[in-house]
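Geometric and topological summary
Chain residues, written in single-letter form:
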Amino acid sequence: MNNSAKKSNDILKNPYLPAISVSVVLLIVGQILTKGFLSQNNISSIMMTTAILTLASMAQAAVVISGDMGLDMSVGAIMSLTALFGPMIIFKSNAITMIVAVVSVVLMGAFVGLLNGIGVQYLKIVPLVMTLIMSSVVNGFALFITKGQPSVSVSKTLQGVGAVVFGPLRVLTLIVIILLFVLEIFMLRRSKYGRSLFLAGNNRNAADLCGINSRKVILIAYVFSGLISGLAGLMLVGYAGSAQMQMANQYTMLSVAAVVIGGTNLAGGKGSLIGGALGSLVLILITNILQALNMPAGLRSLIQGIILVGILMINSRSPKLRQ
Amino acid sequence: MLNIFKKVKKWSTLPALVLFLLFLMIYIGISGKFTLSFLNSFISTNTPAICVAIGVAATIIIGGTDISLGSIVTLTNVIIVTLVGKNYSVITAVLLALLFATLAGLFNGLLIGVMRINPLLTTFATSTVFSGIALWLLPYPGGMIPYFYSDWYNSKFLNLIPIPVIMIALPLVIWLIFMKLPFGIKAYALGRDVKKAYASGINVTAIRLLIHTFAGFASGIAGICISASMCAGNPKVGDTMSMNSIAAAVIGGVSLSGGVGGVWGAIFGSLFLSILISIVVSANMSSYVQSFVQAIILLLGVICTVMASDKEIKNKITRLWKKEDGQNE
Amino acid sequence: MGIIISDISKRYGAVVAISRASMSVEKGEIRAILGGNGSGKSTLAKIIGGIISKDSGKIAFNDREINFTSPKNAKKNRVIITSQELSLFTNLTVEENICICDIPVKTGTFINKNGISEKAGKVLEIMNLTDLLGKKVSELHPNQQYMVELAKAIVQNPKLLIIDEITSALYRQDVEIVDKILKNLKSQGCIILFISHRMEELYNICDSVTIMRNGETIGTYPMQEKSEDELLSLMVGTSMVSYHGEGKSHIKPTTKDIFIHVPKIPIQSYHTTESLNICKGEIIGVAGLQGHGQSELVKALYGLSGIIYMEIEGKKCAISNPRSAVKHRFAFISGDRERDGVFNERDLKDNVVSVLELVRKQKVSSPKELLDSYNIRYDNTRQIITELSGGNQQKVVVGRWLSTDPKLLLADDPTKGIDIKARTDLHQEFAKLAEQGSAVIIVSSDDDELVSITSMVERSRVIVMYEGHISKILEGDDITRANILAASMPVAKPNKIKERDKVHA
């Protein structure tokens, strides 16, 4: 009796519970409000957009966990960048170019992440400001290189690959889910690096005194964030079929929101990638339902905002000053 | 005398002021002109940014931040255009929009002060709300405001003081009065440490409420000014303003950890960013390069000011100096 | 008249902080509240001061029931609390800090700058600290900050003043001033609740003492009627002798094999350097008045003040940061748990194995065994560390380091704010380490602690620091409280002290 009570208590304490239950409620609401919400087509589109946002939220989560009010506001800009340049690399229809594209896109993102990390860790610029400015540098760079050409056409190859990867097989979602669990378990929870990241993010001073190289550990979190964002950009353009300037900028804020909904503490030292994935699902479901209801864009964003405020009120209130 | 020098050296606004003056001279060097009319138009185009910078600096000083101010500017602009379109008089529209902006700030203040939600997250969420309302009211750029509104904005009060200067003065004077009240000291105390502020009997909730409302008001003023210079509505007009204003405040020596810096810093930081844009524009660069160059210079500016206020680096530099002196001896 | 506290209880979740605490204090009485850590004295103080709420019970102040809903509310009734967590704002000036609870205004609204300086100046004059006027609090020495904290309380004309531990960081000459001020307040009929661990002060200052244990008030006694040992056994609950001379008698070491030789240890705030020889199996106590370079000495040895050169067993090496210190098998335990020790979001396992697994790269097969071997009271290894009491948290941090089998243990006031039981446990661990041939350097603000711990091993010294220099090295029977005190204040004349304050403030 006592044991089962404890068990149910444990389930109630599960940090993923709010996000999971909200997702279920949203699925039901979506099916009631709109026709064909649970159709195969819509489900697959929900899964794919969720997969892309999940990648962005993973990038964001690493930086948030690294502490010191860490935020990566350049996630969207990096995604836009690689969404523009990724397709340029894939010009031939073979696996090698695809691999070259993935590698170069990842390097591109990692480089921006490295700059972010240097700015935050060595020049001691507050993460919010550093990554914000970096995002305008990246956007400016993209504009400079592409001469403001509004869109880069996606080569047939990538479209072809897209058909396979993003088609009914939903390989993309699968890849992201595998990546998610592998990184969560083997990088974040088990590896020395992941555990050092949690400690450095929780109490940097104490971590340094323990002999942990916090600076390096946190720097790597920013590089990781850039790297994953780069990958997310390539996936986004593959899914969308065409690239535009700054097409992914909204992903910055969405990724922050997803991470917060997923229960990651913005003060650092606590959180998970899986939480961010669930947060992404919640956000995508909300957007999808509102789109299906044919709401004007403004009203949609208004409702999203109100829901977000509601979630924050439940989820992120700081403790009372008076105990 | 030495004391004054020391005080100036410690003044947190100094790097921004120096940067601004330096780049102003570069601008004069490049364009070869420095006239009163340039100054007038420079100030009138940058009044909105300055007002938002004042607002955001206030929220940062009390240990928070506000990234929804840009969307409040947009909302103000869209409300004015919509009301004028519905045959309200311009003055009514402007005052109502200012009221809404202030209420938007109050809404932020309620969430942050009363509900105790992290300011960054709160204003992120509310910025979606505000820009959502704006986009709902006015999905595409458009609308018209009678031109006399613009004429008024470019005129001079009593033929003496340009209206934009008065518009800047509105939030600035309110802030300076705040600073003359016990409230001012308490606001800086709150910025340093919430728990200690509470234990010292400071009304944390009230200060947060008031400051965020003030930031909303300042953004409302910014929205009024930007509407006057455009005489039209644009649901994206304030998009970049939140971020730029934070950068301006940081360049102006307002510490994001709270309790350090002042609005003068934010004003000069904002002026520096503006003169920067003027230089880039007047340098005949292609428009594609412009935004990239701007961003790079912004980055350098922030790096310089942050390094200038970093004690560790300062110590290193002074030690290097001393070493060289020693060798010379 | 006075304050009557009856049956106050407070719990945090399942943890009972205070249960049915009761006492009454007369007008003009100075009452000591004494108890081990976690005995609930700070919680009780905060409840009276309105900082935290009570679950049940009544407080009557001057025959009127009071129920403060905020510190502001308490201040209106002139109930003032100063606590060990300083409430000063480092970005404001001293006078702004002192007056922040009631800022003088002119014409009813605007700040009166002269009024602020005057008001603050009056209090600082009593404290001999008028030269602090105009300075930012961030520029002050820690002990000066505590004095300003007290000034901030006094300026509010308290009718009930609660002093929670602020005197433990003060210079002795400052304590005398505090004594004078409190006696003056007492003569005006102010009630003072005085929380401190320093027995000497309690006997000097207080009229009576209330003992707290496990959240309950055990009893109230006239201060002079109970001996130190009696009070201690009341606090602990079982009769025990205080830890004076808990071990062997001091033996003067005969031979010395030098283990570590450090020619130059920089003490940055005084721009001085010191040298030190450390022997195997030795416990070196570092004494001195607060802020004379003791912490900086051990921090420098840990590579926290830039690169430091030393000879370890004859081999030259350089330690540039904590990482290289850990590589040379050094350990560092700070008394500031929150800032330097505990990972408050992580569980016990992560906390205890952090150095061993993540830095020394040794797999820990059973964190549970590790925790058990240091007498830590806990539920399971997956518990978040903040669920433990302060003393147990510190034991986890100590366990983290001792499990790495350090050659040199540097401890900066490691038992600050820990109850006597936990303190003795830690002393024994340190002594065990020294017996195994490692060296221990321990800084403490409590001279008794140094006398006690150095008596536990055969080879020990106490070095006394003054103004960034080692002013005296005590060995063997010379290690006594009196000798340490004398060496801490080589110039005890008041005018000299003033001069020194001018130089270093």
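Scroll up to find the structure.
First, a word on scope: everything that follows refers to the structure included in this document.

**Some remarks on the pairing of strand S11 (residues 208-213) of chain C**
All names here are of chain C. Most of S11 is tucked away: five of the six residues are buried. Strand direction decides the pairing type here: strand S3 (residues 30-35) and S11, joined by five bridges, are parallel. Note on S11: the bridge partner recorded for glycine 35 is methionine 212. The pairing of S11 with strand S12 (residues 216-222) spans six bridges and is classified as antiparallel. Considered in S12, the bridge of threonine 210 is made with threonine 220. Adjacent in sequence and paired antiparallel, S11 and S12 are bridged by two residues, among which asparagine 214 carries a positive phi angle near 50 degrees.

**Observations concerning the packing of helix H3 (residues 36-61) of chain B against helix H13 (residues 263-282) of chain B**
Residue and element names in this part refer to chain B. With their axes 8 Å apart at the nearest point, H3 and H13 run at an angle of 135 degrees to one another. With respect to each other, H3 and H13 are oriented oblique. In the crossing of H3 with H13, the sense of the turn from one axis to the other is right-handed. Counting all contacts with H3, which are made through Phe38, Phe42, Asn46, Ala49, Ile50, Ala53, Ile54 and Ala57, the residues of H13 involved are Val263, Ala266, Ile267, Ser270, Leu271, Ser274, Ile275 and Ser278. When the residues that make up the contact of H3 with H13 are grouped by side-chain class, the tally is twelve nonpolar, four polar and no charged.

**Considerations on the sheet that holds strand S9 (residues 160-164) of chain C**
Residues and elements named next belong to chain C. Strands sit in the order S6-S9-S10-S3-S11-S12 across an open sheet of six strands; the sheet is mixed. The open sheet has two free edges, formed respectively by strand S6 (79-82) and S12, since each of these has just one partner strand. Averaged over all neighbouring strand pairs, the angle between strand axes comes to 20 degrees, with direction disregarded. Bridge count for S6 against S9 is four bridges, and the pairing is parallel. From the neighbouring strand, threonine 82 faces S9, where its bridge partner is isoleucine 163.

**Comments concerning the state of the cysteines**
All names here are of chain C. The final tally for this structure, using the stated rule, is zero disulfides over all chains. Cysteine 101 forms no disulfide, and the closest cysteine sulfur to it belongs to cysteine 99, at a distance of 9.3 Å. Sulfur of cysteine 206: no disulfide; nearest cysteine sulfur belongs to cysteine 190 and is 13 Å away.

Parameters and conventions
Residues numbered from 1 in each chain as written. Chains lettered and ligands numbered in written order. Predicted model: local features only at pLDDT ≥ 70, side-chain atom pairs only at ≥ 80, totals over all residues. Heavy atoms only, no water. Buried < 20%, exposed > 50% of the residue type's maximum accessible area, 1.4 Å probe, protein only. Helix = DSSP H or I, 4+ residues; strand = E, 2+ residues; numbered from the N terminus. Pairing = 2+ DSSP bridges. Axes fitted to C-alpha atoms, helices over the stretch in contact; angles between N-to-C directions. Parallel < 35°, antiparallel > 145°, perpendicular 65-115°, else oblique. Left-handed = near helix turned anticlockwise from the far one by under 90°. Contact = heavy atoms within 4.5 Å. Nonpolar A, V, L, I, M, F, W, Y, C, P; charged D, E, K, R; others polar. Disulfide = S-S within 2.5 Å.

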